[in-house]
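Spelled out from the first residue to the last, the chains are:
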Amino acid sequence: MSYKLQPILKTYYEGLEEGKILGAKCSECGDIAFPPLPVCQACGSVDFEWVELPHELILKEIRWEDASVGGDYTWRKGNMFFSVPITEDRYCAAVAQFDVAGSSPFHVPLYGCTEENYQEMRKLLPFKVDVKLVEHKKDFLTVGAKVRQAEIDKANAAAGVEA
């Protein structure tokens, strides 16, 4: 049996380099795989088309990573993989989803949430965030999320954090 394979990773990462966020929309059921996969996770079809996704996400969940591995793993992990200096813009893990029919939740690094405003930011869920293309230390881009300033201000005020 011969399979028709598409250059999925190449197409996806070239899209990010052009500022486009691409998903794989199943031609059978309409489910959108992000990041793109060669097989639809909903129905098993291998027939899909590329769709450009918006630069906005709905933040569903903020996850605090296990700090028991030594130090604050939530913040340390991000700086092991991404080219963002630790003093500039740290991140925590989150679950987000594109506001597009057929889209499913996925894990994403979240920027703008801090140890100080974390609990208050969770009370705001769900809310919209912007996509942040982040350079990985292995010389490629990945999709992250950035909390908008209005939500940061709300969470900081509720937590008593000064700007």
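Now for a quick tour of the structure.

The rules behind the values
Numbers given for residues are sequential positions, taken from 1 along each chain in its written order. The predicted nature of this model means local features are confined to residues of pLDDT at least 70 and side-chain atom pairs, given and counted, to a pLDDT of 80 or more, with totals for whole chains, interfaces and linings taken over all residues. To obtain the side-chain values, all non-hydrogen atoms of the structure were used and water was disregarded. What makes a salt bridge here is a side-chain nitrogen of Lys or Arg within 4 Å of a carboxyl oxygen of Asp or Glu, nothing more. In this description a helix means any DSSP run of H or I spanning at least four residues, a strand means any run of E spanning at least two, and both kinds are numbered starting from the N terminus. Residue exposure (1.4 Å probe, protein chains only): buried if accessible area is under 20% of the type maximum, exposed if over 50%, otherwise partly exposed. Contact definition: two residues touch when any of their heavy atoms are within 4.5 Å. Any two cysteine sulfur atoms within 2.5 Å of one another count as a disulfide. The sign given to each residue is positive for Lys and Arg and negative for Asp and Glu; His and the chain ends receive no count.

**Regarding the pattern of salt bridges**
For the coordinates displayed, the defined rule picks out eight salt bridges. Note that K123 is salt-bridged to E120, the shortest N-O span being 3.1 Å. With K123 and E120 both in helix α3 (residues 118-123) and three residues apart, the pair spans about one turn of that helix. A salt bridge links D130 to R148, with the nearest nitrogen and oxygen atoms 3.0 Å apart.

**Some points on the environment of F98**
Along the polypeptide, F98 turns up in strand β5 (residues 91-98). When its relative accessible area of 2% is taken as the criterion, F98 is described as buried. Residues within four places of F98 in sequence aside, it is in contact with I21, F34, L53, P54, E56, L57, S103, F106 and V131.

**Some points on the state of the cysteines**
The tally for this structure, following the rule as stated, stands at zero disulfides. The thiol of C43 is not disulfide-bonded; the next cysteine sulfur, from C26, is found 3.6 Å away. By relative accessible area, C43 is classed as partly exposed at 40%. Here C92 stays free of any disulfide, with the sulfur of C113 as its closest cysteine sulfur at 3.8 Å. On the basis of relative accessibility, which here comes to 0%, the residue C92 falls in the buried class.

**A look at the side chain of D31**
Of note, D31 is situated in the loop between β1 (21-26) and β2 (32-33). One buried charged side chain, D31, makes no salt bridge at all; its nearest oppositely charged neighbour is K25, positioned 10 Å away. Ignoring anything within four residues of it in the chain, the contact list for D31 reads A24, K25, C26, C40, A42, G102 and S104.

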